[in-house]
Amino acid sequence: MSDRGNRLGRLLSWDAAVVLVTVIVLVVASGAVENFGTSRNFTFLLLDLLPIALVALPMTFIIVTGEIDLSVASTLGLTSAVMGSLWDAGMTIETIIPLCIVLGAVLGALNGFFVTVLKLPSLAVTIGTLALYRGLAFVVLGDGAVADFPRDYTTWVTGTIGDGPIPNVLIPLVVIALIFGVVLHATPIGRGVFAAGAGEQAARFAGIRTGRLKFWLYVVSGAVAGLAGVLWTLRYSSARADNGFGLELAVVAAVLLGGVSIFGGKGTLPGVLAGVVLLASLQNALRLQDVSNEALNIVTGVLLIVSVLLPNIVTSARTAVRRRRQAVTPER
C-alpha cells in the first residue's frame, strides 16, 4: 500500500479519532465550563475515572473474546457491603482488603463457571448475577452505611502526589494498566484472546483452550471489581450496598467507545483508556453544569449506541476507499 493509503488508514483509525475527540473535549470544556480546568477539578476527574478505568481493563479482554460481564458494578457493591460488614464486626482493614478481592474473584469464577462449563450465554448469565450480587449486598448491609474507616487509608486514596493534582491511586492504576496492556498485546495469552474472539472454533483447532481462558478472564474481572469496590469505599469512606450502581453501563460504553468490537476479535487497550478519559471528561463537565444523573445516563446511553454504530460506518468507509483505489490502480 502506498504512503498515501497508509496515511488515510491512520486518519480513519478509530483509536486516533477517540484521542482527537478527547483532546477537543478537554480543551473546549476548559474554556467553556467554569472550574473545569482547575487543578482541584482535575484531581476529582482522575478519581472519578479510576473505577471505570480499572474495571474496563479486564472487561476489554472479555469483550474481545466475544463475551461480556454486566455484573461488575454489582460485584463492586457486594464487596463494598462485605467490607463494611467486616469492619463493623471489628476485623482489621489489612485482613478485609485481600478478603474482598478474593470474594470478587469467587464471584467472577461463578460467572465463568456458568459461561464456560454450563455453556450459558454470558449476557443472560451476567444480567442474572448483576441482580443476584446486588441483592446479596443489601442482604449483607441493608440500606445503611458503614463509615469511619482508617484515616491513613482514606487519606491516601483521596490524597495527591506531593502538592500536585495527581491522585496517589493513579500510580497503581498505571502499573495495572501497563501489565494488562503487555499481556493483551505482547503475549500468547493476548493472541489467544484475539483468536477466541475472531473465531472460537478455529482457535480451539489451533490448540487454544478457549473455555479455560474465558473462565480465568472472569475470575480476573471479578477480582479487579472487588479491588474497585475497596477503593470506592475508601474514597468516600462509606460502605453501602448501592455503591457503584450503574457503573457497568459506563464501563461497557468506555470499552466500546475505545474501539473494541462488541462482536469480539478487535480492540486495543490504549483506545479503551482514551474512551475512559473521554467519557469521564464529558460526565465531569456536565456535572459542573448541574446536569442531573438521569441526563448523564442518557448521554452515556447515546455514547454507547454511537460506539456500536460508528465503527461499522468507519469500517465500511475504509473498505469503500480500498476498493476504489484497487479499481483505479492499473493492472500490470
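Computed from a predicted structure; not experimentally measured.

Hey, could you go over the overall build of the protein chain for me, with residue numbers and the actual values?
Across its full length, the protein chain carries 14 helices and 2 strands. Residues counted as buried form 45% of the 332 residues belonging to the protein chain. Accessible surface, the protein chain as shown: approximately 16400 Å² in total, 66% of it carbon and sulfur.

Describe the layout of surface pockets, with residues and values.
Size it by volume and the largest pocket reaches roughly 700 Å³. Considering the residues around the largest pocket, the lining is formed by 24 residues, among which Trp232, Phe245, Leu247, Gln283 and Arg287 are closest to the centre. If you tally residues by element for the lining of the largest pocket, the top one is helix α3 (residues 39-64), at 6 residues. Taken together, the residues that form the lining of the largest pocket break down as 14 nonpolar, 6 polar and 4 charged.

Please give an account of α3 that cites residues and values.
The end-to-end C-alpha distance of α3, which contains 26 residues, comes to 35 Å, matching closely the 38 Å that a straight helix rising 1.5 Å per residue would cover. Its maximal kink placed at leucine 57, α3 deviates by approximately 35 degrees, while the proline proline 58 follows within four residues. One or two positions beyond α3, positive phi appears at glycine 66, with a value near 95 degrees.

Explain the side chain of threonine 43 residue by residue, including any values.
Counting through the fold element by element, threonine 43 comes out in helix α3. Judged by relative accessible area, which is 10%, threonine 43 ranks as buried. Sequence-distant contacts of threonine 43, that is, excluding residues within four places in its chain, are made with Thr160, Pro165 and Pro167.

Give a detailed account of the packing of helix α7 (residues 151-158) against helix α11 (residues 210-236), specifying residues and quantitative values.
Orientation of α7 relative to α11, taken along the N-to-C sense of each, is 100 degrees, at an axis distance of 8 Å. Regarding the angle of α7 to α11, the classification is roughly perpendicular. Contact residues: Tyr153, Thr154, Val157 and Thr158 in α7; Leu231, Leu234 and Arg235 in α11. For the contact of α7 with α11, the residue count by class is 4 nonpolar, 2 polar and 1 charged.

Could you give me a rundown of empty space enclosed by the protein, with the residues and numbers involved?
A complete count under the given rule lists 1 cavity of 30 Å³ or more for this structure. Of the voids in this model, the largest cavity is the one considered here, and its volume is about 30 Å³. For the lining of the largest cavity, the elements supplying multiple residues, two or more each, are α4 (72-88), α5 (93-117) and α11. Of the residues in the lining of the largest cavity, the class split is 4 nonpolar, 6 polar and 1 charged.

Please set out unusual backbone geometry residue by residue, giving values where relevant.
The residue lysine 119 is not glycine, and still its phi comes out positive at about 60 degrees. One can find lysine 119 in the loop between α5 and α6 (122-141). In this structure lysine 119 comes out as exposed when scored by relative accessible area, which is 60%.

So what's going on with the pattern of salt bridges? Residues and values would help.
Any two side chains of opposite charge can pair, on the condition that their charged atoms come close. Across all of its chains, the model carries 5 salt bridges by this definition. Glutamate 200 is the partner of lysine 214 in a salt bridge, and the nearest nitrogen-oxygen pair spans 3.1 Å. One end of the pair, lysine 214, is in helix α11; the other, glutamate 200, is in helix α10 (residues 200-205), and 14 residues separate them in sequence. Residue class for lysine 214 comes out buried when judged on its relative accessible area of 5%. Taken together, the shared-partner salt bridges in this structure form one network comprising Glu67, Glu200, Arg204 and Lys214.

Which residues make up a nonpolar patch on the surface, and what values go with them?
On the surface, Leu110, Phe113, Val117, Leu118, Leu120, Leu132, Leu136 and Val139 cluster together into a nonpolar patch covering about 670 Å² of accessible area. Looking at the nonpolar patch, the elements with two or more residues in it are α5 and α6. The residue leucine 120 is located in the loop between α5 and α6 in this model. Here leucine 120 falls in the partly exposed class, since its relative accessible area comes to 38%.

Go over the side chain of threonine 75 with me, naming the residues and quoting the values.
Among the secondary structure elements, threonine 75 is positioned in helix α4. The contacts of threonine 75, once residues within four sequence positions are left out, are Gly104, Leu107, Tyr133, Gly222, Ala225 and Gly226.

Account for the nonpolar core, with residues named and values stated.
Counting residues in hydrophobic clusters, the biggest one holds 70 residues, and the most contacted among them are Met83, Val251, Val255 and Val276. Of all the secondary-structure elements, those providing two or more residues to this core are α3, α4, α5, α6, α8 (170-186), α11, α12 (247-257) and α13 (269-288). Considering every element that reaches this core, the biggest residue donor is α3, with 16 residues. Filtering out sequence-adjacent residues up to four positions away, valine 276 remains in contact with Leu49, Ile52, Ala53, Ala56 and Ala254. One finds Val18, Val25, Leu257 and Ala274 within the second-largest nonpolar core, a separate group that totals 6 residues.

Which residues make up the confidence of the model for the protein chain, and what values do they have?
Here the protein chain averages 90 in pLDDT, and 95% of its residues register 70 or above. For the stretch residues 1-12, pLDDT sits under 50, and the model shows 8 contacts to residues farther than four places along the chain or on other chains.

Definitions and cut-offs
For every chain, the first residue of the written sequence is number 1, and numbering continues from 1 along that sequence. Owing to the predicted nature of the model, reporting of local features is limited to residues with pLDDT of at least 70; listing and counting of side-chain atom pairs is limited to 80 or more, with chain, interface and lining totals taken over all residues. To get the side-chain values, take all heavy atoms of the structure and skip hydrogens and water. Secondary structure is summarised from DSSP: a helix means a run of H or I of at least four residues, a strand means a run of E of at least two, and numbering begins at the N terminus for each. Each residue is assigned to one of three classes by its accessible area relative to the maximum for its type, calculated with a 1.4 Å probe on protein chains only: buried under 20%, partly exposed between the two thresholds, exposed over 50%. Methods summary: accessible areas were calculated by the Shrake-Rupley approach with a probe of 1.4 Å, and residue burial reflects only the protein chains presented. Using only the protein atoms, space was sampled on a 1 Å grid; points where a 1.4 Å probe fits but cannot get out form cavities, open sets with protein on both sides within 12 Å along at least five of seven lines form pockets, and lining residues are those with an atom within 4 Å of a point. Grid points are joined across faces, edges and corners, and a volume is the space filled by probe spheres set on the points. Lys, Arg, Asp and Glu make up the charged group, whereas Ala, Val, Leu, Ile, Met, Phe, Trp, Tyr, Cys and Pro make up the nonpolar group; the residues left over, Gly among them, are polar. Expected helix span is given by 1.5 Å per residue-to-residue step, counting one fewer step than there are residues. To obtain the bend at a residue, axes are fitted to the seven residues ending there and to the seven starting there, and the angle between these axes is taken. The contact criterion used is simple: two residues touch if any of their non-hydrogen atoms lie within 4.5 Å. Simply put, an axis is a line fit to the C-alpha atoms, just over the touching stretch for a helix, and the angle between two N-to-C directions goes from 0 to 180 degrees. Here the word oblique covers every angle except those under 35 degrees (roughly parallel), over 145 (roughly antiparallel) and from 65 to 115 (roughly perpendicular). By definition here, a salt bridge exists when the distance from a side-chain nitrogen of Lys or Arg to a carboxyl oxygen of Asp or Glu is within 4 Å. Each patch is built from salt-bridge-free residues with over 30% relative accessible area, joining like charges within 9 Å and nonpolar side chains (Val, Leu, Ile, Met, Phe, Trp, Tyr) within 5 Å. Only buried residues count toward a nonpolar core. Its members are Ala, Val, Leu, Ile, Met, Phe, Trp, Tyr and Cys residues joined through side-chain atoms within 4.5 Å. Residue-level confidence of the predictor is what pLDDT reports, using numbers from 0 through 100.

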